[in-house]
Amino acid sequence: MDKEERKIINKGQEDEMEIHGYNLCRWKLAMVSVGVIGTGGFLLLLLYWMPEWRVKATCIRAAVKDCEVVLLRTTDEFRMWFCAKIRFLPLENQPNFNAKSLVNKVSNGHAVHLAENLTEESRCEMNKYSQTQSQQMRYFTHHSIRYFWNDTIHNFDFLRGLDEGVSCTSIYEKHSAGLTKGMHAYRKLLYGVNEIAVKVPSVFKLLIKEVLNPFYIFQLFSVILWSIDEYYYYALAIVIMSIVSIISSLYSIRKQYVMLHDMVATHSTVRVSVCRVNEEIEEIFSTDLVPGDVMIIPLNGTVMPCDAVLINGTCIVNESMLTGESVPVTKTNLPNPPVDVKGTGEELYSPETHKRHTLFCGTTVIQTRFYTGELVKAIVVRTGFSTSKGQLVCSILYPKPTDFKLYRDAYLFLLCLVVVAGIGFIYTIINSILNKKEVQEIIIKSLDIITITVPPALPAAMTAGIVYAQRRLKQVGIFCISPQRINICGQLNLVCFDKTGTLTEDGLDLWGIQRVENARFLLSEDNACSEILVKSQFVACMATCHSLTKIEGVLSGDPLDLKMFEAIGWVLEEATEEETALHNRIMPTVVRPPKQLLPESTVAAGHQEMELFELPAIYEIGIVRQFPFSSALQRMSVVARILGDKKMDAYMKGAPEVIAGLCKPETVPVDFEKVLEDYTKQGFRVIALAHRKLESKLTWHKVQHVSRDAIENNMDFMGLIIMQNKLKQETPAVLEDLHKANIRTVMVTGDNMLTAVSVARDCGMILPQDKVIIAEALPPKDGKVAKINWHYADSLTQCNESSAIDSEAIPIKLAHDSLEDLQFTRFHFAMNGKSFSVILEHFQDLVPKLMLHGTVFARMAPDQKTQLVEALQNVDYFVGMCGDGANDCGALKRAHGGISLSELEASVASPFTSKTPSISCVPNLIREGRAALMTSFCVFKFMALYSIIQYFSVTLLYSILSNLGDFQFLFIDLAIILVVVFTMSLNPAWKELVAQRPPSGLISGALLFSVLSQIVICVGFQSLGFFWVKQYKVCDPYSDVCNTTRSACWNSSHLFNGTELDTCKIQNYENTTVFFISSFQYLTVAVAFSKGKPFRQPCYKNYFFVISVIILYVFILFIMLHPVASVDQVLEIVCVPYQWRIHMLIIVLINAFVSIMVESFFLDTVLWKVVFSRDRQGECRVTTTQPPQESVDRWGKCCLSWALSCRRKTPKAKYMYLAQELSVDPEWPPKPQTTTEAKTVVKENGSCQISTIT
């Protein structure tokens, strides 16, 4: 039974969840209601915080099929709980339609495949749907997605559109006619409103949600308790701090909601025209669109309100929302393969595969082109949150929680403080009962010890450092929408960079061309704009083989195409609508050279053979048909015609290897591969051109329907275009800084592999002497298993001499413990997106090893970038991602620290956005992250010490039925603690990155030793003072030593409305001694914990902190050595003998000396280096010189190395453990020219074997 009730939804996907069914139980609800009243509402709060407890406390288990409430739990590492209420969608009131059939079909994900003859079809489906009594559908909503009950699979499932399981042929045959109004109404009922609804919550709702945070509830409890105890002043201070914190948080959260709402509001409601079955055109709101609707794209463009596949006409689209590039893209209609061609008719439509034919939600259609008498049409395939933009918004609205060791350790630490508070709570109750105290006093005092041990000001104190870091980041042009990630950025040890626009300049420059004649390369030429070449096929290909278009008279398109076209200086003219009508539905774009390049005598030949609609011209080429660039095919082609010629020409350009493979072998030069390799090694982007004359039987009309494969074959190889993509000026220096700081760098790009490797060498990512191993993975084919071919790229390049990187000062990543093994570690893996996908699927056990040394990932799609970030995180790297476009959006969100160099919509999803498009922001972010992280450690340690010191002070005084006075508490809490906390967080970041990394959590040897040693020291000296002072008490313990105490006692008792006895319980030697010693201890530990280098500026440069501490030291020292009656009266302290004052001064000085020496000398010199040594396990440096920050005492290192050699521990991080394992693996790295094959027997773990090619 339990197995049946525990089901999985979204199986195999990122949001996979377990689902359990529950029904409401009346007697459980009644018991919970009693419990809520009995606990004063606390039980209600607890159930609000814990969804699992809430459901289990009020419901009983039930079958998922019949349940009223579902309990969901994610299957990832976070194991988060959610609950949702089952709702019903009524379908009874629709005439002439059997709802049961519809429900069953929709639940199967095939709602969009319903035939128009629904009555007949529904009769056949009657028995498939089990809920025969009620014509209604059961569903629940989770993260804006509806999940419907599916009787076929006995589980809940979400509705799918036309994006899955629909062939390209059926798109035309079954869906191109449009929907009937009845079918549209049913789909509207099921799919709901087509909108990406980002509702901005009201301030009241946000306030309630924020106030119900456990920390604020604890603060409220503390404030109420202090108010009952008449401790109003500090209670008021906490209330003010909480209000400021809540207002700041509400402003930040609401601002993000408003930004997101504004981002999606652009297409929320527009009027669109759709085609119905009877060829009627109906105008509806975009919110009424459903999958299957045939939408008419207006001539002047629109913002797409859904995902739709183009079936008629051509569109020019700005996809900056998706790609980050504001370059217009040409979208053509989906190919309609003839069904008689074997296999082609069954090709399934996919938005990713057919993205050149898909209009995505949120993208802007700038203009359309169409044939006479026909409209530009697109079939809606996805709506609402199912669209590409909807999924992006969903991931922003419901992000995965940030899993960072610091926060987990912080909760553990708080739990320890709660345990300590529990001990104090029990001690106070027992002590008070033994001394026969009143019940009210016992309750207040015992609860008060909890508020002392767990300080309510802790959240505000921890937030201060992050707020200051956020402000400093803003000053250097880095904006943050997720402040908690600043701390995580302090742990980054690997950064992924996009290439184009991030490491290199945005634009490409034409470096030159190298033509081919008679299968031989000619000398390279730097200028294609010349009279000699104007009529050559090479220039004709450059003039026609592109996707450029004119928008408002300005030529725009792909930057590469634009540079190529500008280099020849030709003119492009597009046909108007009227001209298109004259040309019998054919829409030619014409290109012509400038007149100055043509001899005046040149006249177009063959006028007699020209068709009627062709006007004579000097020299013009008309583009008849265009096959857009496909990243899968890595090429584009056009069919063109020189006006006046009888035959048409086919021109093709693309990746050199691909183009050469489609050309006649006899036209490809013998040294093609060598020439190509020479260019790519120098970092050039190389494009190959090809051409062939088409048969004369191919007429204008036949060309419009010919398949791509029929054109792109048997070509003549014409030569190469060499483009240059220059490195940004700051790139080498920034990468060098990161390498010196032991931060690994990885390139993730959509560019060519060899070009990417070359750029990686130029910028210093790969050193000149390092080996590059190219992993070429091939999927299973023809019964053969998947395999990886390993090739070693030539490590010597012609351009390394000009590199600005000093290779001797750069650390080798993930090397081994001894320098002798370095020769085995200087290698890098490079692979393309296809190989990466094959390796992920078939070679899972190799993935961690490749992540260890993978440096260049080329031809990577957006989802592959995200998968790469996840793979790196799986081996325990803290991953940063730096990109300039929304195509990096998934990776930016998934990384521990994602920073966008673009201020477009992508920046909404990225935690950080740089105002200046330069990677120099990355070291700045890491420096500030490290500083903020160390500040968090300092503040947390200080607040922990403050709690323990005050807890021990109160516990000692409780033992003699005394306590600290209200104004003593107030002076400590306000004047000392809050001032120190908010000023010690002001230390700016250290001016440069260093090789060390701060610890990632509080539960580490050095930090625990720091806290525990200071606790022992403070408790020891406080106990010394407390027990020693009793020797100085005279017969009358409250004698008037300074002739002020008794009057102070009387005055203070009158001032505080208490009796003389109550006043004297506070005003005694023990109280005064404990107060002075503890006050100095707070300042001492603040100075000891306020660390500077190597992550923060020295504390003496934090002027506010230094001035505050000096003023407090002087003031406390003054009132201790030179009592002032009015101050003593307010603070309720007594004037102790002068000799005891000197003894207290000695205790305080020795305490300060011991605390600072233990923290600064012993901890920093010895234990701190142990932590760093372990952090650097698996990393080794080539350099023999050390930066000043790394210099430590030699004897300390010798001792440490001896201690570490005595007990070698397995590194905690997986990548370090792997590095150790691989250092002794003779089979790693793979040898040149070997092949790794996937085993066919055991597929679950992706195991593989290596075999050598003979």
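Residues numbered from 1 in each chain as written. Predicted model: local features only at pLDDT ≥ 70, side-chain atom pairs only at ≥ 80, totals over all residues. Heavy atoms only, no water.

Asker: For this particular structure, what's the right way to read the overall build of the chain?
Answerer: Each helix and strand counted, the chain has 42 helices and 42 strands in total. Residue burial in the chain is summarised as follows: out of 1254 residues, 55% are buried. Contacts in the chain between residues at least 24 apart in sequence constitute 75% of all its contacts with a sequence separation of at least 6. Counting every atom, the chain has about 55,300 Å² of accessible surface; 59% of that belongs to carbon and sulfur. (Helix = DSSP H or I, 4+ residues; strand = E, 2+ residues; numbered from the N terminus. Buried < 20%, exposed > 50% of the residue type's maximum accessible area, 1.4 Å probe, protein only. Contact = heavy atoms within 4.5 Å. Areas by Shrake-Rupley, 256 points an atom, 1.4 Å probe, with all protein chains shown as cover.)

Asker: Even after reading the chapter, I still don't get the pattern of salt bridges, so can you show me in this structure?
Answerer: Pairing between side chains of opposite charge can happen when the charged atoms of each approach one another. Using the criterion set out here, one finds 28 salt bridges in the structure. Of the charged contacts, one joins Arg79 and Glu18 as a salt bridge, the two residues approaching to 3.4 Å between their closest N and O atoms. One end of the pair, Arg79, is in the loop between β4 (69-74) and β5 (81-85); the other, Glu18, is in strand β2 (residues 17-24), with 61 residues separating them in the sequence. Residue class for Arg79 comes out partly exposed when judged on its relative accessible area of 30%. Measuring nitrogen to oxygen at the nearest pair gives 2.2 Å for the salt bridge that ties Lys653 to Asp561. (Salt bridge = Lys/Arg side-chain N within 4 Å of Asp/Glu carboxyl O.)

Asker: Could you clarify how one ought to interpret the pairing of strand β22 (residues 509-517) in this entry?
Answerer: Looking along a regular strand, one sees the side chains alternate between the two faces of the sheet. Sheet topology note: the β22/strand β32 (residues 716-724) ladder contains 6 bridges and is antiparallel. Bridging from a neighbouring strand, Gly512 pairs with Ile722 of β32. When β22 meets strand β23 (residues 520-521), the two strands line up antiparallel, connected through 2 bridges. Note on β23: the bridge partner recorded for Val516 is Phe521. The hairpin turn running from β22 into β23, its antiparallel successor, is 2 residues long, and Asn518 in that turn takes a positive phi close to 55 degrees. (Pairing = 2+ DSSP bridges.)

Asker: Help me understand the sheet that holds strand β11 (residues 281-285), please; the structure alone is not making it clear to me.
Answerer: Note: strands within a sheet are paired through backbone hydrogen bonds, in either parallel or antiparallel orientation. Judged by pairing direction, the sheet is antiparallel, and its 6 strands sit side by side in the order β11-β10-β12-β19-β14-β17 without closing on themselves. Whereas interior strands pair on both sides, the edge strands pair on one side only; in this sheet they are β11 and β17 (358-359).

Asker: Please explain helix α4 (residues 51-58) as it appears in this structure.
Answerer: The α-helix winds at 3.6 residues per turn, so residues separated by three or four positions along the chain end up facing the same way. When we look at burial in α4, the residues that qualify are Glu52, Val55 and Thr58. Viewed end-on, α4 has its buried residues packed into an arc of 160 degrees, placing them on one side of the element. (Arc of directions from axis to C-beta.)

Asker: Quick question: what am I supposed to make of the sheet that holds strand β28 (residues 621-630) here?
Answerer: Reading across the sheet, the 9 strands line up as β23-β22-β32-β31-β30-β29-β28-β27-β26 and stay open at both edges, with antiparallel pairing between neighbours. Two strands in the sheet have a free side with no partner beyond their single neighbour: β23 and β26 (571-574). Here helix α18 (residues 537-544) sits on the sheet in contact with β22, β27 (589-592), β28, β29 (635-642), β30 (649-654), β31 (684-693) and β32, set at roughly 60 degrees to β32. (Axes fitted to C-alpha atoms, helices over the stretch in contact; angles between N-to-C directions.)

Asker: Which parts of the structure should I look at to understand the packing of aromatic side chains?
Answerer: The description of an aromatic ring pair rests on the distance of the ring centres and on the angle between the ring planes. Scanning the model with the defined rule gives 24 aromatic pairs in all. Here a set of aromatic residues connected by ring pairs shows up, and it is made of Phe140, Tyr147, Trp149, Phe156 and Phe158. Positioned over the ring face of Tyr139 is Arg146, at 4.8 Å from the centre of the ring. Geometry around Phe285 places Arg271 over its ring, the cationic atom sitting 4.6 Å from the centre. (Phe/Tyr/Trp six-rings, centres within 6.5 Å; stacked < 30°, edge-to-face > 60°. Lys NZ or Arg CZ within 6 Å of the ring centre and 35° of its normal.)

Asker: I tried to follow the pairing of strand β33 (residues 744-748) on my own but got confused; where do I start?
Answerer: Along β33, 5 of the 5 residues are buried, which leaves the element largely enclosed by surrounding structure. By the alternation rule, side chains of β33 split into Arg744, Val746 and Val748 and Thr745 and Met747, which are all buried. Across 4 bridges, the pairing between strand β21 (residues 494-497) and β33 is parallel. What sits directly across from Leu494, in β33, is Arg744. Across 2 bridges, the pairing between β33 and strand β37 (residues 854-858) is parallel. Its bridge partner being in β37, Val748 is matched across the sheet by Phe857.

Asker: I keep staring at a nonpolar patch on the surface and nothing clicks. Help me out?
Answerer: A contiguous nonpolar surface patch, about 340 Å² in accessible area, is contributed by Leu412, Leu415, Val418 and Ile1003. The topology assignment puts Val418 in helix α14 (residues 405-434). (Patch = residues over 30% accessible without salt bridge, like charges linked within 9 Å, V, L, I, M, F, W, Y side chains within 5 Å.)

Asker: Whenever I open this one, unusual backbone geometry confuses me. Can you help?
Answerer: In most cases, non-glycine residues show a negative phi, while peptide bonds are predominantly trans. For the bond running from Trp1228 to Pro1229, omega is 0 degrees, close enough to zero to count as cis. Positive phi values are uncommon outside glycine, yet Ser144 reaches one of about 70 degrees. Mapped onto the elements of the fold, Ser144 is located in the loop between β7 (136-142) and β8 (145-150). For Asn714, which is not glycine, the phi torsion reads 55 degrees and is therefore positive. Take Asn714: it is sitting in the loop between α24 (708-711) and β32.

Asker: I tried to follow the packing of helix α34 (residues 1005-1029) against helix α37 (residues 1069-1089) on my own but got confused; where do I start?
Answerer: In a pair of packed helices, the angle between the axes and the distance between the axes together describe the arrangement. One can describe the packing of α34 onto α37 by two numbers: an axis separation of 9 Å at closest approach and a directional angle of 160 degrees. Taken together, the axes of α34 and α37 are roughly antiparallel relative to one another. As for the relative orientation of α34 and α37, their crossing is right-handed in sense. Across from Ser1010, Gln1014, Cys1018, Phe1021, Gln1022, Gly1025, Phe1026 and Val1029 in α34, the residues of α37 making contact are Tyr1069, Glu1070, Thr1073, Val1074, Ile1077, Ser1078, Gln1081, Val1085 and Phe1089. Classifying every residue of the contact of α34 with α37 by side-chain character gives 9 nonpolar, 7 polar and 1 charged. (Parallel < 35°, antiparallel > 145°, perpendicular 65-115°, else oblique. Left-handed = near helix turned anticlockwise from the far one by under 90°. Nonpolar A, V, L, I, M, F, W, Y, C, P; charged D, E, K, R; others polar.)

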